[in-house]
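Descriptive analysis of the structure
Chain by chain, the residues run as shown.
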Amino acid sequence: EQMGVTLQNTAYSVNVKERLDFSCAVFDAQGGLIANAPHMPVHLGSMGESVRTIIRLRGERMRPGDVFALNNPYNGGTHLPDVTVIMPVFSDHGRLLFFTASRAHHADIGGVTPGSMPPDSTHIDQEGVLIDNFLLVDQGRFRERELVELLTSGPYPARNPQQNIADLQAQVAAC
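Being a predicted model, the structure only gives us computed values, none of them experimental. Throughout this document, residue positions are counted from 1 along each chain, in the order its sequence is written. pLDDT decides what is reported in this predicted model: residues at 70 or higher carry local features, side-chain atom pairs at 80 or more are listed and counted, and totals for whole chains, interfaces and linings draw on all residues regardless. To obtain the side-chain values, all non-hydrogen atoms of the structure were used and water was disregarded.

**A short note on helix H1 (residues 2-10)**
Categorising residues by exposure relies on relative accessible area from a 1.4 Å probe, with only protein chains included: less than 20% of the type maximum marks a residue as buried, more than 50% marks it as exposed, and the intermediate range marks it as partly exposed. The secondary structure listing takes helices from DSSP runs of H or I that are at least 4 residues long and strands from runs of E that are at least 2 residues long, numbered from the N terminus. All buried positions along H1 are accounted for by Met3, Gly4 and Leu7. Projected down its long axis, H1 shows its buried positions confined to an angular sector of 95°, all on one face. Every exposed residue of H1 that faces more than 90 degrees away from the buried side is listed here: Gln2 and Asn9. Arc definition: it is the arc formed by the directions from the helix axis to the C-beta atoms.

**Let's talk about unusual backbone geometry**
Its identity is not glycine, yet asparagine 133 carries a phi of approximately 60°, on the positive side. Mapping asparagine 133 onto the fold places it in the loop between strand E5 (96-105) and strand E6 (134-138). One non-glycine residue, glutamine 139, lies in positive phi territory at about 50°. Here glutamine 139 shows up in the loop between E6 and strand E7 (141-142).

**Describing the state of the cysteines**
Cysteine sulfur atoms are paired as a disulfide whenever they come within 2.5 Å of each other. Applying the stated rule across the entire model yields zero disulfides. Just so you know, cysteine 24 is unpaired, no disulfide at all, and the nearest cysteine sulfur is the one on cysteine 175, 6.9 Å from it. Overall, the relative accessible area of 3% leaves cysteine 24 in the buried class. Cysteine 175 sits in the buried class, given a relative accessible area of 17%.

**As for the sheet that holds strand E4 (residues 82-90)**
By definition, the strands of a sheet pair up through backbone hydrogen bonds, in either a parallel or an antiparallel sense. Paired strands, as defined in this entry, are two strands with at least two bridges between them according to DSSP. Strand order in the open sheet made by the seven strands is E2-E1-E5-E4-E3-E6-E7, with antiparallel pairing throughout. If you trace the sheet from one side to the other, it starts and ends with strand E2 (33-36) and E7, each paired once. Pairing geometry for strand E1 (residues 22-28) and E2, over three bridges, is antiparallel. The residue of E2 that forms the bridge with valine 26 is alanine 35. Contacts between residues were defined by any pair of non-hydrogen atoms, one from each residue, lying within 4.5 Å. Between N-to-C directions, angles cover 0 to 180 degrees, with each direction set by a line fitted to C-alpha atoms, over the stretch in contact for helices. Where helix H4 (residues 144-151) meets the sheet, its contacts fall on E6 and E7, and the angle it forms with E6 comes to roughly 160°.

If you want it as structure tokens, here you go:
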């Protein structure tokens, strides 16, 4: 619940700040759900798969201060506007203890139509920017330049990357 309050208070977009279209949860070191707040239950069924994707793809390379982002529906995401931020939490001795994660529905992530949910899309690129296993924060450094490059890439880039960045920073703060 405290993660959710932090996300709501620090978010920029109406989707997160007022519509409360987000979820926050804590996962064990294997990606199993430990605790969640009653935010948006539809997010929670697949968030564990997103965490397990990061575990599978990053494994022992995760370090304290790292944070990852993804929205890939093939790796636990729901649809591209729902971006998941995942933070591993380590002990003082460097042992991975658990993960915190937040999933927020971004107002736009690109695509052929505003809102990133075209009803007639035939390829995932038409829905917007695909984020998969993206290192959002590298040992405490928010990778804004690399994030802007990602959000403005592809055939249908995000329309308001600064809003995405603000909400992603709020998700990191929640974690």
